[in-house]
Amino acid sequence: MAHPPSHEEPPQEAALPSGPRHDEPPPPVFPLRPDERDQLLRRLLPSLDAGVYVLDSQARLVYINPRGEQLLRRTAADLVGHDAHDQLHRTADGTIAQRSECRLLQAFFAGGTTHADSEWFARGDGSLLPVRCVSSAYTIDDEPAGNIVVFSPRNPDEEPGRSHAELVDLTDRLALVAETTVALTSTLDMDEALRRLVRLVVPRLADWAIVDLLDDNDELRRVSVAHHENGSIVNVTDLEGPLPPVAEHSRMPLSQVLLGAPTMLVTAEMYDTVPDSGIAAVQRDLFASTGMHSAVIAPLRGRLHQILGALSVGRAADPRKFGPSELSLVDDIGRRAGLAVDNARLYERERRSVETMQRHLLPPMLEIDDLQMTARYLAAPHASEVGGDWYDLFILPDGVTALVIGDVIGHDLTAAAQMSQLRNILRAYAWEYYGGPPSFVVDRLDWALPHITTATLATLVFARVEGPEGGPWRLHWTSAGHPPPLLVTDDGKVSFLDGGQGLMLGIGMPTGRPNAIAPLPPRATLVLYTDGLIESPREPIDRGMADLARHAASLARRPLGDFCDQLIARARPQDNEDDIALLALRLPDRHAPGEPETAARGPGPYLLSP
């Protein structure tokens, strides 16, 4: 049975005045990606002492916090997925509000931020809850995605028009914390994260923002000083740089925070005394030069609660002093910033370790006669710094230069380990069967693949650069399902060496791969590459190969290192999500005197079979 609407007076809540504030701008729209939104809702909103619900782009409820469930006497299961207007919005007599006249629905369609101080929400027991609320739009990937509504009970007999200051402040703090979370978690570049941070708190929270960081040797550096001036944010680099060491005996606020004290409210008068340390003298000069009269200094703590630095926000032109609510807000922001700095440092340490591993996995360049050789490796954009792409070059017992370009499926440390296995096995077979055609070596590698490696599928080109010292040279190669080598002559003619194509490694097919031989003209450039240089998820591979050939032709006479760098920069598809390995060889511009054009270093023995 339906219950008649009740206008019972709600339990006494913290009084929230009504009416918009005119002394500061309304809370801005804040961007959230779906995964970040869900994480933020789970971690932040349950603790708020106000009802909060979130709407999607169709005005359906996608979240309500526990306090909201309590106030509405309804569970999230009853509300989530349903139209918010039909479920909640009522007139004073308990009927569903006309959609065309509902202020909250109008706010949803208008976007931005709207204050409503005399609304009625339907409760689960049939009664009505008189509320005041703020509705603020949010975006996902810069597209309007819905609204977040913060509401609190009001006395039904109070006159509309009272100040909404506390509710607006709550919504603004929620938006700022949300934006800070997104800004700090969406990058592992520490400098970029800190730049985003100071631009969020300045000028919205303060005129000045300062970030000081301790390095692994406990040396302190002021890495960012930002100031709001004439409508823009200025980095004051003159105030940045190394700082005196943290003095354990110092009683001044920054020193105390860096030694483990909690977030502190600071006034300029605190630094009017004689400095008790070098860092205190720097802080006194900072307050004098910036004109800050009120500040908050928060510690930046890592996962293990170690102090990584400090965030300071200060007011100079703004006459207001910081209060307790802002102290807790800056403390929350500082905690999130500390975790971001810790994450960035951990990532940087891992990246350096992985780069060291990669350097040891890939070989150094060799100096062979007059041949020029260089190589490049680029990891997949969203993967580890290592992967399954590789190149190799080495001298065989008969003096022939062996070239390899290969690709093991994967973009992580597992693929890198499998790549290393294949590389070592291929080297061993190439050394043992050095006199034979390249296909003989690759067939034996394919035969061994499932028995002595963990690799499953791979492609590669194995080639011999044959010829006497000074040339003429020729390329003798086989391909296991790999993109064909590209030959670029000195006058810009390009050709893909399509011969020698066989099946990729690991599919269990019979041996007997084809070989191919092609001359290498003087001053020509041979390019071996992996498919990350030509493949795009949105374009046919023929387009990628055509772009590669076109750019290579235009770079034919560039120095070889510049040739490789520019070729990758120009030819790599913008939506590439794969590793890239590239090995380039350039022939000399002369032949050895008296050598016939067809001469080549003779084949050696290759008598063994599996």
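Note that the structure is predicted; figures quoted are calculated from it, not measured.

Chemist: Kindly report on the overall build of the protein chain, identifying the contributing residues and their values.
Modeler: If you tally the helices and strands in the protein chain, you get 14 helices and 25 strands. Across the 610 residues of the protein chain, 53% fall into the buried class. Pairs at least 24 residues apart make up 65% of the contacts formed inside the protein chain by residues separated by at least 6 positions. Only carbon and sulfur atoms are counted for the fraction: they give 53% of the accessible area of the protein chain, which is about 27400 Å².

Chemist: Can you tell me about the pairing of strand 24 (residues 525–529), naming the residues and giving the values?
Modeler: The element strand 24 is extensively covered by neighbouring structure, given that five of its five residues are classed as buried. Burial of strand 24 is two-sided: the residues Thr525, Val527 and Tyr529 facing one way and the residues Leu526 and Leu528 facing the other way are all buried. Bridge count for strand 24 against strand 25 (residues 580–586) is five bridges, and the pairing is antiparallel. Residue pairing in the sheet places threonine 525 in a bridge with arginine 586 of strand 25.

Chemist: Would you mind going over a nonpolar patch on the surface in detail, with residue names and values included?
Modeler: A contiguous nonpolar surface patch, about 330 Å² in accessible area, is contributed by Ile409, Leu457, Leu503 and Ile507. Position of leucine 503 among the secondary structure elements: in the loop between strand 22 (501–502) and strand 23 (516–520). Classification of leucine 503 by relative accessible area gives partly exposed; the value is 45%.

Chemist: Any details on the state of the cysteines? Residues and values, ideally.
Modeler: Summed over the entire model, instances satisfying the criterion amount to zero disulfides. Left without a disulfide partner, cysteine 102 is nearest to the cysteine sulfur of cysteine 133, which lies 9.0 Å away. Note on cysteine 102: relative accessible area 2%, which makes it buried. Note on cysteine 133: relative accessible area 0%, which makes it buried.

Chemist: Now, about the pattern of salt bridges: what can you tell me, with residues and values included?
Modeler: Tallying each qualifying case throughout the model produces 24 salt bridges. In this structure, the salt-bridge partner of aspartate 212 is arginine 222, at a minimum N-O distance of 2.6 Å. In this pair, aspartate 212 sits in strand 8 (residues 208–214) while arginine 222 sits in strand 9 (residues 220–229), placing the two residues ten residues apart along the sequence. Residue class for aspartate 212 comes out buried when judged on its relative accessible area of 0%. Accessibility expressed as a relative area gives 3% for arginine 222, which makes it buried. A salt bridge links aspartate 562 to arginine 558, with the shortest nitrogen-to-oxygen separation between them at 2.6 Å. On the basis of relative accessible area, aspartate 562 is assigned to the partly exposed category, the value being 27%.

Chemist: Lay out the sheet that holds strand 15 (residues 372–378) in plain terms, naming residues and giving numbers.
Modeler: Strand order in the open sheet formed by five strands is 15-25-24-20-21, and the pairing between neighbours is antiparallel. Both edges of this open sheet fall to strand 15 and strand 21 (494–496), since each of them pairs with a single strand only. In this sheet, adjacent strand axes meet at a mean angle of 15 degrees when their direction is disregarded. Where strand 20 (residues 486–488) and strand 24 come together, three bridges link them in antiparallel fashion. Each residue of the ladder has a partner; that of leucine 486, found in strand 24, is valine 527. Together, strand 15, strand 24 and strand 25 form the strand contacts of helix 14 (residues 560–571), whose direction differs from that of strand 15 by roughly 30 degrees.

Chemist: Outline the side chain of arginine 90, listing residues and values.
Modeler: With respect to the helices, strands and loops of the structure, arginine 90 is situated in strand 4 (residues 89–90). Buried and unpaired, arginine 90 has no salt bridge, with aspartate 86 as the nearest side chain of opposite charge at 6.6 Å. Polar side-chain contacts of arginine 90 include one of 3.1 Å to the backbone oxygen of aspartate 86. In this structure, arginine 90 is in contact with His85, Thr95, Ile96, Ala97, Trp120, Ala122 and Leu128, ignoring residues within four places of it in sequence.

Chemist: Report on unusual backbone geometry, specifying residues and quantitative values.
Modeler: Looking along the chain, the bond that leaves valine 202 and enters proline 203 is cis, with omega of 5 degrees. For arginine 73, which is not glycine, the phi dihedral falls at a positive 55 degrees. Here the phi dihedral of aspartate 218 falls at roughly 60 degrees; this positive angle occurs in a residue that is not glycine. Within the secondary structure, aspartate 218 is located in the loop between strand 8 and strand 9. We classify aspartate 218 as exposed; its relative accessible area is 57%.

Chemist: Pulling in residues and values, what's your account of the side chain of aspartate 83?
Modeler: Counting through the fold element by element, aspartate 83 comes out in the loop between helix 3 (76–79) and helix 4 (84–88). Among the polar contacts listed, one links the side chain of aspartate 83 to the backbone nitrogen of histidine 85, at a separation of 3.0 Å. Separated by 2.9 Å, the side chain of aspartate 83 and the backbone nitrogen of aspartate 86 make a polar contact. Beyond its immediate stretch of four places on either side in the chain, aspartate 83 contacts Gln58, Ala59, Arg60 and Arg99.

Chemist: Which residues make up helix 9 (residues 278–290), and what values do they have?
Modeler: Quick reminder: α-helices carry 3.6 residues per turn. Residues three or four places apart thus point the same way. The first and last C-alpha atoms of helix 9 sit 19 Å apart over 13 residues, in line with the 18 Å expected at 1.5 Å per residue. Taken residue by residue, helix 9 has Ile279, Ala280, Gln283, Leu286, Phe287 and Thr290 as its buried positions. Each buried residue of helix 9 sits inside an arc of 115 degrees when the element is viewed along its axis, so together they form one side. In the core, the buried residues of helix 9 are packed alongside strand 8, strand 9, helix 8 (253–258), strand 12 (264–267) and strand 13 (294–301). Glycine 291 sits one or two residues past helix 9 and shows a positive phi near 80 degrees.

Chemist: Run through the packing of aromatic side chains, naming residues and quoting values.
Modeler: Within a pair of aromatic rings, the relevant descriptors are the distance that separates the centres and the angle that separates the planes. All told, the structure shown has seven aromatic pairs when counted by the stated rule. Considering the side-chain rings of phenylalanine 121 and phenylalanine 151, the 5.3 Å spacing of their centres and the 70 degrees angle between planes classify their relative orientation as edge-to-face. Here phenylalanine 121, found in strand 5 (residues 113–122), pairs with phenylalanine 151, found in strand 7 (residues 143–153); they are 30 residues apart in sequence, far enough to count as distant. Since its relative accessible area comes to 0%, phenylalanine 121 is described here as buried. You can call phenylalanine 151 buried: its relative accessible area is 0%. Aromatic side chains tyrosine 433 and phenylalanine 440 sit 5.2 Å apart centroid to centroid with 80 degrees between the ring planes, which places their arrangement in the edge-to-face category. For the pair formed by tyrosine 433 and phenylalanine 440, the shared burial category is buried.

Chemist: Any chance you could break down helix 7 (residues 190–201) for me, citing the residues and the numbers?
Modeler: The first and last C-alpha atoms of helix 7 sit 17 Å apart over twelve residues, in line with the 16 Å expected at 1.5 Å per residue. Buried within helix 7 we find Ala193, Leu194, Leu197, Val198, Leu200 and Val201. Down the axis of helix 7, the sector holding all buried residues measures 155 degrees, keeping them to one side.

Reading the values: the criteria
- Residues numbered from 1 in each chain as written.
- Predicted model: local features only at pLDDT ≥ 70, side-chain atom pairs only at ≥ 80, totals over all residues.
- Heavy atoms only, no water.
- Helix = DSSP H or I, 4+ residues; strand = E, 2+ residues; numbered from the N terminus.
- Buried < 20%, exposed > 50% of the residue type's maximum accessible area, 1.4 Å probe, protein only.
- Contact = heavy atoms within 4.5 Å.
- Areas by Shrake-Rupley, 256 points an atom, 1.4 Å probe, with all protein chains shown as cover.
- Pairing = 2+ DSSP bridges.
- Patch = residues over 30% accessible without salt bridge, like charges linked within 9 Å, V, L, I, M, F, W, Y side chains within 5 Å.
- Salt bridge = Lys/Arg side-chain N within 4 Å of Asp/Glu carboxyl O.
- Disulfide = S-S within 2.5 Å.
- Axes fitted to C-alpha atoms, helices over the stretch in contact; angles between N-to-C directions.
- Lys, Arg positive; Asp, Glu negative; His and termini not counted.
- Polar contact = N/O pair within 3.5 Å; in protein donor to acceptor, adjacent residues only side chain to side chain.
- Expected span 1.5 Å × (residues − 1).
- Arc of directions from axis to C-beta.
- Phe/Tyr/Trp six-rings, centres within 6.5 Å; stacked < 30°, edge-to-face > 60°.

By themselves, these observations are geometric and do not establish any function.
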